Amino acid sequence: MIAETVQLRIGSGSARLQKYLLHRSLEFQADRHRPAVIVCPGGGYLSTSDREAEPVALRFAAHGYHVFVLRYTTWFGEYVPDLNEAPPGNESSVWPQPLLEVAAALATVRQNAAEWNVDPDRIAVVGFSAGGHLAASLGAHWADAFVREKVGVRAELMRPDALILGYPLVDHAHALRREEQAAFKALVYRAHFGRPDPSLQEREALSPVRYVNDGTPPTFLWHTADDELVSSRNSLLWAMALEERGIPYELHIFESGVHGLSLADETSAADGTHINAGCQKWFELALMWLRSR
């Protein structure tokens, strides 16, 4: 495997694209262009979770995928935040910088497909939690003039061929379910909206489910019914929006599991609550779905 990091120069951000490229061995499949996934870790736009980054990348790589982990611009930058502290420097919203970065990341992979041995017609974007919001936003807005003008490439270079969304936030009306999460919710809103109390109109404007269109790619979704942070209604609403437009999707709602499960096993767990035998199945189900596309 070749592991390298590419700096993405887009706007004022500090995004990095971590490449995990499988060797082009002369012993087998020497000329095969492999499918690829771009992984967007979660973290509430405060930081990007390590648990939803390299462990996920290595799992996909073990199944023959080239993988790119996007460390997009977040409020706190390159460290796990103390939620009681203020971020360094400017406290303005990071949005829409991450959207431009994921669009640029996808365009970069397509533009380098020949060199990196990537099949340009089989590139999926995988997102967890806030990373799911980011992936879904790309799925809804990849053809928008604003994105095209800011990234400076043809729209088709930025279109995902598929989305895989794990416990995604796609509708700000159905997030952070419990009242005791109010302080965290305010911090996330400050990162995303620039203030802790955005209006309903502002929240709707940054809810990608409201912008699903005929160009939104097929999607695999998984969630847990008792997710304590982001309601499973988010995945249900995305599936319903796709259904209304005849866009293929696969949806799995597992009965129980905490938010942020990642792979739901020892390879990505921070503690025992992140080990969930029932939810571990999502990865194999997602692989089967991708291969059927």
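Here the structure is a predicted model, which means the values were calculated and not measured.

Chemist: Describe the overall build of the chain, listing the residues and the values that go with them.
Modeler: Each helix and strand counted, the chain has nine helices and eight strands in total. Relative to the globule expectation of 19 Å for 293 residues, the C-alpha radius of gyration of the chain, 18 Å, shows essentially globular dimensions. When its C-alpha atoms are laid out on the principal axes, the chain stretches across 55 × 45 × 40 Å. Residues classed as buried in the chain amount to 56% of the 293 residues present. At a minimum sequence separation of 6, the contacts of the chain that also span at least 24 residues come to 75%. Surface summary for the chain: the accessible area is close to 12600 Å², and the carbon and sulfur share equals 49%. Side-chain charges of the chain comprise 27 positive and 36 negative groups, with the mean position of each set lying 4 Å from the other.

Chemist: Run through the pattern of salt bridges, naming residues and quoting values.
Modeler: Once their charged atoms are close, side chains differing in charge can pair, the charge on each being opposite to the other. Going through the model one piece at a time under the given rule, you end up with eleven salt bridges. With its nearest N and O atoms 2.8 Å apart, the salt bridge here joins R71 to D50. Taken together, the residues R71 in strand β4 (residues 66-71) and D50 in the loop between β3 (34-40) and α1 (54-61) connect sequence positions 21 residues apart. Assessed through its relative accessible area of 51%, D50 is described here as exposed. With a shortest N-O distance of 2.9 Å, D197 and R195 are connected by a salt bridge. Judged by relative accessible area, R195 falls into the partly exposed class, the value being 31%.

Chemist: So, the nonpolar core: which residues are in play, and what are the values?
Modeler: Formed by 60 residues in total, the largest nonpolar core has its most connected members in F68, L70, V125, V151 and W238. Examining the composition of this core, we find that nine residues originate from one element, helix α2 (residues 97-111), more than from any other. Membership of the second largest hydrophobic core comes to 31 residues, among which are V37, V56, V67 and V126.

Chemist: Go over α1 with me, naming the residues and quoting the values.
Modeler: Within the span of α1, buried status applies to P55, V56, A57, F60 and A61. Lining the buried residues of α1 we find β2 (16-21), β3, β4, β5 (118-128), β6 (162-166) and α9 (281-292).

Chemist: Run through the sheet that holds β4, naming residues and quoting values.
Modeler: In space, the eight strands of this open sheet follow the order β1-β2-β4-β3-β5-β6-β7-β8, with mixed pairing throughout. Looking at the sheet topology across the chains shown, the edges are occupied by β1 (2-7) and β8 (249-254). Mean inter-strand twist for the sheet, computed between neighbouring axes without regard to direction, equals 15 degrees. Across six bridges, the pairing between β1 and β2 is antiparallel. Bridge pairing links A3 to Y20 in β2. The strands touched by helix α4 (residues 130-141) are β3, β5 and β6; relative to β5, the strand with the most contacts, the crossing angle is about 135 degrees. Contacting β3, β5, β6, β7 (219-224) and β8, α9 crosses the sheet at an angle of about 170 degrees to β6.

Chemist: Which residues make up the packing of aromatic side chains, and what values do they have?
Modeler: Applying the stated criterion to the full structure yields 14 aromatic pairs. Judged by centre distance (5.6 Å) and plane angle (80 degrees), the rings of W282 and F283 are edge-to-face. You'll find W282 and F283 in the same group, each marked buried. Among the aromatic side chains, those forming a connected cluster through ring pairs are F60, Y65, F128, Y167, W222, F254, W282 and F283. Sitting over the face of the ring of F283, R59 holds its NZ or CZ atom 5.8 Å from the ring centroid.

Chemist: Kindly report on the environment of S256, identifying the contributing residues and their values.
Modeler: If you trace the backbone, S256 turns up in the loop between β8 and α9. Sequence separation between S256 and E228 is 28 residues; the distance between their C-alpha atoms is 10.0 Å. Once you skip the residues sitting within four places of it in the chain, S256 turns out to touch T224, D226, N276 and C279.

Chemist: Let's hear about α9: which residues, and what values?
Modeler: Between its terminal C-alpha atoms α9 stretches 17 Å, which fits the 16 Å expected from twelve residues at 1.5 Å a residue. Turning to α9, its buried residues are W282, F283, A286, L287, W289 and L290. For α9, the buried positions fall inside an angular range of 165 degrees around the axis, keeping them on one side. Those residues of α9 that are exposed and aimed more than 90 degrees away from the buried face are K281, M288, R291 and S292. At its buried positions, α9 is contacted by β3, α1, β5, β6, β7 and β8.

Definitions and limits used
Residues numbered from 1 in each chain as written. Predicted model: local features only at pLDDT ≥ 70, side-chain atom pairs only at ≥ 80, totals over all residues. Heavy atoms only, no water. Helix = DSSP H or I, 4+ residues; strand = E, 2+ residues; numbered from the N terminus. Rg over C-alpha atoms; globule rule 2.2 N^0.38 Å. Buried < 20%, exposed > 50% of the residue type's maximum accessible area, 1.4 Å probe, protein only. Contact = heavy atoms within 4.5 Å. Areas by Shrake-Rupley, 256 points an atom, 1.4 Å probe, with all protein chains shown as cover. Lys, Arg positive; Asp, Glu negative; His and termini not counted. Charge placed at Lys NZ, Arg CZ, Asp CG, Glu CD. Salt bridge = Lys/Arg side-chain N within 4 Å of Asp/Glu carboxyl O. Core = buried A, V, L, I, M, F, W, Y, C linked by side-chain atoms within 4.5 Å. Pairing = 2+ DSSP bridges. Axes fitted to C-alpha atoms, helices over the stretch in contact; angles between N-to-C directions. Phe/Tyr/Trp six-rings, centres within 6.5 Å; stacked < 30°, edge-to-face > 60°. Lys NZ or Arg CZ within 6 Å of the ring centre and 35° of its normal. Expected span 1.5 Å × (residues − 1). Arc of directions from axis to C-beta.

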